[in-house]
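Structural overview
Chain by chain, the residues:
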Amino acid sequence: DALFVHDNAPSHKSSETRYWLDQRHIEVSSWPPQNPHLNIIENVCCMMKLELQKEVERITSKKELIDVLQRIWRHIHESKIFEMYQTLPARMRAFGSLE
């Protein structure tokens, strides 16, 4: 069994996508877009924004911005992302996206 979870983006709701999922008998669940409780990448983006805010006044070029973002990305520990992944089913149940 498979469950396709999406954030209601237009490409996820297209007739082609719905048809493809229906043909494969894949259950579909959705949640509000950019919901940090249910979307791991939104959590990661938030973590990066918080770190970036600490340095934003010192950044004077696009290259420096890219360098800082890459450094921030490299310092996000994999265990933090794994922890968010592990707790996702419980958060989905709490928000009614997974019964």
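Report follows, based on the coordinates. (Residues numbered from 1 in each chain as written. Predicted model: local features only at pLDDT ≥ 70, side-chain atom pairs only at ≥ 80, totals over all residues. Heavy atoms only, no water.)

A closer look at the pattern of salt bridges
According to the stated counting rule, one finds four salt bridges in the structure shown. Measuring nitrogen to oxygen at the nearest pair gives 2.2 Å for the salt bridge that ties E55 to R71. Of this pair, E55 sits in the loop between α3 (40-53) and α4 (62-74) while R71 sits in helix α4; the two residues are 16 residues apart in sequence, bridging distant segments of the chain. With its nearest N and O atoms 2.8 Å apart, the salt bridge here joins K63 to D67. Placement of both K63 and D67 in helix α4 is noted, with a separation of four residues, approximately one turn of the helix. Of the residues examined, D67 reaches a relative accessible area of 33% and is grouped as partly exposed. (Salt bridge = Lys/Arg side-chain N within 4 Å of Asp/Glu carboxyl O. Helix = DSSP H or I, 4+ residues; strand = E, 2+ residues; numbered from the N terminus. Buried < 20%, exposed > 50% of the residue type's maximum accessible area, 1.4 Å probe, protein only.)

Let's talk about the nonpolar core
Grouped together as the largest cluster of nonpolar side chains are 12 residues: L38, I40, V44, M48, L52, I59, V68, I72, I76, M84, L88 and M92. Here this core gets four residues from one element, more than from any other, and that element is α3. Those residues in contact with I72 that lie beyond four places of it in its chain are M48, E51 and L52. (Core = buried A, V, L, I, M, F, W, Y, C linked by side-chain atoms within 4.5 Å. Contact = heavy atoms within 4.5 Å.)

What to know about the state of the cysteines
Evaluated as defined, the whole model comprises zero disulfides. Here C45 is not cross-linked by a disulfide; its sulfur's nearest cysteine counterpart is in C46, at 8.8 Å. Judged by its relative accessible area of 41%, C46 falls in the partly exposed class. (Disulfide = S-S within 2.5 Å.)

A few points about the environment of I26
Looking at where I26 falls in the secondary structure, it is placed in the loop between α2 (15-23) and β2 (27-30). For the pair I26 and E78, spaced 52 residues apart in the sequence, the C-alpha separation amounts to 29 Å. In contact with I26, other than residues within four places in its own chain, are A2, L3, F4, W20 and L21.

A closer look at the packing of α3 against helix α5 (residues 78-94)
One can describe the packing of α3 onto α5 by two numbers: an axis separation of 10 Å at closest approach and a directional angle of 135°. Our classification of the angle between α3 and α5 gives oblique. For α3 against α5, the interelement crossing comes out right-handed. Judged by residue contacts, I40, N43, V44 and M47 of α3 engage K80, I81, M84, Y85, L88 and R91 from α5. (Axes fitted to C-alpha atoms, helices over the stretch in contact; angles between N-to-C directions. Parallel < 35°, antiparallel > 145°, perpendicular 65-115°, else oblique. Left-handed = near helix turned anticlockwise from the far one by under 90°.)

Brief notes about α5
With 17 residues, α5 ought to run about 24 Å at 1.5 Å a step, and its terminal C-alpha atoms sit 24 Å apart, in line with that. Of all the bends in α5, the largest measures some 45° and sits at L88, one to four residues before the proline P89. Turning to α5, its buried residues are M84, L88, R91 and M92. Where α5 is buried, its residues contact β1 (3-6) and α3. (Expected span 1.5 Å × (residues − 1). Bend = angle between axes of the 7 residues up to and from the residue.)

Keep in mind these numbers describe shape, not what the thing actually does.
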